[in-house]
Amino acid sequence: MITLILTAAGTGARAGFGENKIFKIIDGVTVLEKAYAAFSATGLINEYIVTASPADEARIRELLPRAKVVTGGETRTKSVYNGLKAASGEIVVIHDAARPFVTESIIKSAIESVKKYGSGIAAYPSPDTLCDGSDGYITRTIGKKDKYIIQTPQAFCLKDILAAYEKADGDEPDDSALYLKHIGKPHLSEGSPQNRKLTFKEDFIFGNRIGNGYDTHRFAENRKLILGGVEIPCEKGLIGHSDADVVTHAVMDALLSAAGLRDIGYYFPDTDDAYKDISSMALLERVTALLKARGFKASNVTVAILAEKPKLSPHIPDIKRNLAAALNIDATRVGVTATTTEGLGFIGREEGIAAYATALIEK
Ligand code: MG
């Protein structure tokens, strides 16, 4: 039998939310529920314990009705000790509730390690050189060879870790430190930078961001009409430095704007011959790459096309498909509508075509 202890007794004060950070919503659920769900999805856990500060206990009971809520102490060591005393599994897995991105593979690795070696500590090799520092100076360079970043989950045999806690005489950095001090060398298991701990306010900015884009191009003779990368039969086309794909231009500006970046005129100036007659779909792929480099991906995109003629509805499925392919998202996440302006204004006089786009991007 395996018991999970989720440690949630801290105040999460460093995130500065005025409430425990484990109650913040990510992916539609609280951080606490997301961490819990990662473990329950493995089907390996038989008992759930959450250590909580008295102020949070009622709310945690409401969120996780299957879990036993145990009052924490003033230090992490005391809180975990209280959790261990309430545990009944032969194996206990201790995990920070503020690490909601833990994967099934990391959880299984810790549990397999405890079965084989008596303990399993999630850790990964340090990619950076570590040092001791004091008063703004490096006092000792530790290096990175054989250095690991320790995370949770940390899995133990209950009797061993309980024995280590009974000998604890102060606050230890974590459970593996106590185990090392009183029981023996803990065994490393799989860890990952993705299994990060949410500590500061910035850690919680995953966010969806929205942006708008608008573009107009004028009709001219002897030009192709390209909208969303689709060549549409028409006696006139749109004029511009590139292929004058007004739809794709509006979409690109919406995406760039959502990411807080500059507009397409900045990245692809019409004074640059490199962009003369270039396919705007190729530029859209570059915009997708610009966003990706900043950790953003399109979530969904919509575009409204204003044109008196030609009739666009037969081409809309192809436009959606093209945009979706360049954005690397499913076509159901691209919306394209077309309308006339009832003969009013420059659109109505058939002088050109305009497009409005909205993009939602996610980090
Ligand atoms: Mg344009």
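Every value quoted in this text rests on a predicted model; they were computed, and no experiment measured them.

1. Examining the coordination of the magnesium ion
Alright, step 1. Coordination of the magnesium ion by the protein involves Asp215 (OD), His217 (NE2) and His249 (ND1), with metal-donor separations of 2.1 to 2.3 Å.
Alright, step 2. For the magnesium ion, the donor residues sit on a single chain with the sequence spacing D-x1-H-x31-H. Of this pair, aspartate 215 sits in strand β12 (residues 208-220) while histidine 249 sits in helix α7 (residues 246-258), placing them 34 residues apart in sequence. In this pair, the class of aspartate 215 matches that of histidine 249, namely buried.

2. Here's the deal with the layout of surface pockets
Alright, step 1. Empty space within the second largest pocket amounts to approximately 290 Å³.
Alright, step 2. Ser242, His249, Ile264, Phe268 and Asp270 are the residues nearest the centre of the second largest pocket, which is lined by 17 residues in total.
Alright, step 3. Taken together, the elements giving at least two residues each to the lining of the second largest pocket come down to β12, α7 and α8 (264-267).
Alright, step 4. Considered class by class, the residues forming the lining of the second largest pocket number 8 nonpolar, 6 polar and 3 charged.

3. Section: the pairing of strand β10 (residues 148-157)
Alright, step 1. As paired elements, strand β6 (residues 91-96) and β10 share 4 bridges and run antiparallel to each other. Bridged to valine 92 within β10 is phenylalanine 156.
Alright, step 2. The sheet contact formed by strand β7 (residues 119-125) and β10 spans 6 bridges and is antiparallel. Each bridged residue has a counterpart across the sheet, and for glycine 120 the counterpart in β10 is alanine 155.

4. Brief notes about the nonpolar core
Alright, step 1. Judged by nonpolar contacts, the single largest core of 48 residues is most densely connected at Leu227, Leu255 and Leu323.
Alright, step 2. Breaking this core down by element, the ones donating at least two residues are α7, α9 (280-293), β16 (297-306), α10 (316-327), β17 (334-339) and β18 (352-362).
Alright, step 3. Among the elements that make up this core, the one with the highest residue count is α7 (9 residues).
Alright, step 4. The next biggest cluster of nonpolar side chains, apart from the first, holds 30 residues, and it includes Phe39, Ala67, Val102 and Ile106.

5. Overview of a nonpolar patch on the surface
Alright, step 1. The grouping of Tyr214, Phe346 and Tyr356 at the surface amounts to a nonpolar patch, some 290 Å² of accessible area in total.
Alright, step 2. With respect to the element layout, tyrosine 214 can be found in strand β12.

6. Observations concerning the sheet that holds β12
Alright, step 1. Spatial strand order, β15-β12-β18-β16-β17: 5 strands in an open sheet with mixed pairing. Lying at the two open borders of the sheet, with one neighbouring strand each, are β15 (237-238) and β17.
Alright, step 2. The sheet contact formed by β12 and β18 spans 11 bridges and is antiparallel. Bridged to isoleucine 210 within β18 is leucine 360.

7. Observations concerning α9
Alright, step 1. With 14 residues, α9 ought to run about 20 Å at 1.5 Å a step, and its terminal C-alpha atoms sit 20 Å apart, in line with that.
Alright, step 2. Of the residues making up α9, those classed as buried are Ser280, Met281, Leu283, Leu284, Val287 and Leu291. For α9, the angular spread of buried residues about the axis comes to 150 degrees, placing them on one side. In α9, the exposed residues that point more than 90 degrees away from the buried face are Lys292 and Ala293.
Alright, step 3. For α9, the secondary structure elements touched by its buried residues are α7, α10 and β18.
Alright, step 4. Here α9 starts with a cap whose side-chain oxygen sits 3.1 Å from the backbone nitrogen of methionine 281, and that cap is serine 279.
Alright, step 5. Following α9 by one or two positions, glycine 295 adopts a phi angle in the positive range, close to 85 degrees.

8. Side note on the sheet that holds β6
Alright, step 1. Spatially, the 7 strands line up as an open sheet ordered β5-β4-β1-β6-β10-β7-β11, and their pairing is mixed. On the outer flanks of this sheet lie β5 (68-71) and β11 (188-190), each paired with one strand and no other. Sheet twist, expressed as the mean angle between neighbouring strand axes with direction ignored, is 30 degrees.
Alright, step 2. Pairing geometry for strand β1 (residues 2-8) and strand β4 (residues 47-52), over 6 bridges, is parallel. If you follow threonine 3 over to β4, its bridge partner there is glutamate 47.

9. Digging into the pairing of β6
Alright, step 1. With respect to burial, β6 is a largely interior element, 6 of its 6 residues being buried.
Alright, step 2. Here β6 shows two buried faces, one formed by Ile91, Val93 and His95 and the other by Val92, Ile94 and Asp96.

Definitions and cut-offs
- Residues numbered from 1 in each chain as written.
- Predicted model: local features only at pLDDT ≥ 70, side-chain atom pairs only at ≥ 80, totals over all residues.
- Heavy atoms only, no water.
- Donors = N, O, S within 2.8 Å, 3.2 Å for Na, K, Ca; no water.
- Helix = DSSP H or I, 4+ residues; strand = E, 2+ residues; numbered from the N terminus.
- Buried < 20%, exposed > 50% of the residue type's maximum accessible area, 1.4 Å probe, protein only.
- 1 Å grid on protein atoms, 1.4 Å probe; cavity = no way out; pocket = protein on both sides within 12 Å on 5 of 7 lines; lining within 4 Å.
- Points joined across faces, edges and corners; volume = space filled by probe spheres on them.
- Nonpolar A, V, L, I, M, F, W, Y, C, P; charged D, E, K, R; others polar.
- Pairing = 2+ DSSP bridges.
- Core = buried A, V, L, I, M, F, W, Y, C linked by side-chain atoms within 4.5 Å.
- Patch = residues over 30% accessible without salt bridge, like charges linked within 9 Å, V, L, I, M, F, W, Y side chains within 5 Å.
- Areas by Shrake-Rupley, 256 points an atom, 1.4 Å probe, with all protein chains shown as cover.
- Salt bridge = Lys/Arg side-chain N within 4 Å of Asp/Glu carboxyl O.
- Expected span 1.5 Å × (residues − 1).
- Arc of directions from axis to C-beta.
- Contact = heavy atoms within 4.5 Å.
- Polar contact = N/O pair within 3.5 Å; in protein donor to acceptor, adjacent residues only side chain to side chain.
- Axes fitted to C-alpha atoms, helices over the stretch in contact; angles between N-to-C directions.

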